[in-house]
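What follows is the residue order along each chain.
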Amino acid sequence: QVQLVESGGESVQAGGSLRLSCVVSGLSLDYSSIGWFRQVPGKERVGVSCFSRSDGTAVYAASVKGRFTMSRDKPNPTVYLQMNDLNAEDTAIYTCAAQEHFNTHCLNPDSFPFWGQGTQVAVAS
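Residues numbered from 1 in each chain as written. Predicted model: local features only at pLDDT ≥ 70, side-chain atom pairs only at ≥ 80, totals over all residues. Heavy atoms only, no water.

## Structural notes on the environment of serine 25
Examined against the element boundaries, serine 25 turns out to sit in strand β3 (residues 18-25). You can call serine 25 partly exposed: its relative accessible area is 30%. Distance from serine 25 to proline 77, taken between C-alpha atoms, is 7.1 Å for residues 52 residues apart in sequence. (Helix = DSSP H or I, 4+ residues; strand = E, 2+ residues; numbered from the N terminus. Buried < 20%, exposed > 50% of the residue type's maximum accessible area, 1.4 Å probe, protein only.)

Below you can see the structure in the form of structure tokens.
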């Protein structure tokens, strides 16, 4: 059974940093792509970052590139999203998702069958 559990979301001031965690079970990070997505109420879910290749190469949405970094700890299967220089537009529910392959279009949420429950990030300006 595949499970993804996020943590790390909280309220921060603009310019601050947060690190989100996604604990993955039921899948191997060697063969599965993990993505981070975010959603604001009333808007569509959008891709933030994802592993596009098995070597850990990540792709980022233009809005977060240079500020967010995705990493993984394969022995303790956890994926992280380090978020720096946060601004009010980063306020959203952040959710990690998994798919059992890699692809360069992994920012598309439609390709992910497994989802966590989400964690709230609120950035005060």
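## Regarding the state of the cysteines
Taken as a whole and assessed by the stated rule, the structure comprises two disulfides. The disulfide that involves cysteine 22 links it to cysteine 96, with 2.0 Å between the sulfurs. Here cysteine 22 and cysteine 96 share a disulfide; its torsion about the S-S bond, 70°, makes the bridge right-handed. Of this pair, cysteine 22 sits in strand β3 while cysteine 96 is found in strand β9 (residues 92-99), placing the two residues 74 residues apart along the sequence. Considered together, cysteine 22 and cysteine 96 belong to a single accessibility category, that of buried residues. Cysteine pairing for the protein chain (bonded cysteines numbered in sequence order): 1-3, 2-4. (Disulfide = S-S within 2.5 Å.)

## Overview of unusual backbone geometry
One non-glycine residue, aspartate 85, lies in positive phi territory at about 50°. Note on placement: aspartate 85 falls in the loop between β8 (78-83) and β9. The class for aspartate 85 is partly exposed, based on a relative accessible area of 47%.

All quantities given are derived from atomic positions and should not be read as evidence of function.
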